[in-house]
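Now for the letters of each chain:
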Amino acid sequence: MTTRAATEKLKSDGWKIVETTGFLHLIGPLWQRTLDGELEFALITEDKHHNRRGLVQGGVLMTFADRTCGITARHVSGKPTLATVQLDTHFVESGKIGEVLISKPHVVRSTRSLIFITTEVTVDKRCIAMASGVFKILKNDA
């Protein structure tokens, strides 16, 4: 599927682009929607995401998992500032350029200071990567 076709499909399915800055802006655009009360995220893989073998670079998968879990942690905690304390990633299968990656983070446990989240990065029914993260709620600086 072309990037244009994938973009139109996401739009028609209710996805919206997440405003990003910095490093994620180089990887994105990142897409988000809420389905049945749960946050879902998408990333259309493009040529800029390829590794030396022409497949999706592992760092893209890790960044996508980290950001989607982090956004979910911020959403469930209601706190504006969190930091990734740990992110474990398992690469299950190669992603191909042009495929749309999906992440549906799941909160395992939330405490006053830590949020534990897992996600699978999928393409259709294929699991590309699995990740679990711990996110620390930070005190507001302002």
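Everything here concerns the structure above.
Residues numbered from 1 in each chain as written. Predicted model: local features only at pLDDT ≥ 70, side-chain atom pairs only at ≥ 80, totals over all residues. Heavy atoms only, no water.

**Student:** Looking at this model, I keep getting lost on helix H3 (residues 58–77). Mind explaining?
**Tutor:** Because each turn of an α-helix spans 3.6 residues, side chains separated by three or four positions end up pointing in the same direction. Between its first and last C-alpha atoms H3 spans 28 Å; for 20 residues at 1.5 Å apiece the expected length is 28 Å, and the two agree. Two residues or fewer past H3, Gly-78 is found with a positive phi of approximately 75°. (Helix = DSSP H or I, 4+ residues; strand = E, 2+ residues; numbered from the N terminus. Expected span 1.5 Å × (residues − 1).)

**Student:** Would you mind showing me how to read the environment of Trp-15 here?
**Tutor:** Here Trp-15 is to be found in the loop between helix H1 (3–12) and strand E1 (16–18). Distance in space between the C-alpha atoms of Trp-15 and Leu-35 is 9.9 Å, their sequence separation being 20 residues. Excluding residues within four positions of it along the chain, Trp-15 makes contact with Leu-10, Trp-31, Gln-32, Arg-33, Glu-40, Phe-41, Ala-42 and Ile-102. (Contact = heavy atoms within 4.5 Å.)

**Student:** What's the story with H1 in this structure? I'm lost.
**Tutor:** Along H1, the residues classified as buried are Ala-6, Thr-7 and Leu-10. All buried residues of H1 project into a common sector of 100° when viewed along the axis, lining one side. Pointing more than 90 degrees away from the buried face of H1 are the exposed residues Arg-4 and Ser-12. Against the buried residues of H1 lie strand E2 (30–35), strand E3 (38–44) and strand E5 (100–103). (Buried < 20%, exposed > 50% of the residue type's maximum accessible area, 1.4 Å probe, protein only. Arc of directions from axis to C-beta.)

**Student:** Teacher, can you tell me more about the nonpolar core here?
**Tutor:** Soluble globular proteins tend to bury their nonpolar side chains together. Grouped together as the largest cluster of nonpolar side chains are 19 residues, with contacts concentrated most on Leu-30, Phe-41, Leu-43, Leu-61, Phe-64, Leu-101 and Val-121. For this core, the elements supplying multiple residues, two or more each, are helix H2 (22–27), E3, H3, strand E7 (114–123) and strand E8 (126–137). Sequence-distant contacts of Leu-43, defined by excluding residues within four places in its chain, comprise Ile-27, Gly-28, Pro-29, Val-60, Phe-64, Glu-99, Val-100 and Leu-101. Ranked by size, the runner-up nonpolar core spans 7 residues in total, among them Ala-6, Ala-42, Ile-44 and Ile-102. (Core = buried A, V, L, I, M, F, W, Y, C linked by side-chain atoms within 4.5 Å.)

**Student:** What's the story with the pairing of E2 in this structure? I'm lost.
**Tutor:** For a regular strand, the rule is simple: side chains alternate between the two faces of the sheet. With 3 bridges joining them, E1 and E2 adopt antiparallel strand pairing. Bridge assignment links Val-18 to a residue of E2, and that residue is Leu-30. (Pairing = 2+ DSSP bridges.)

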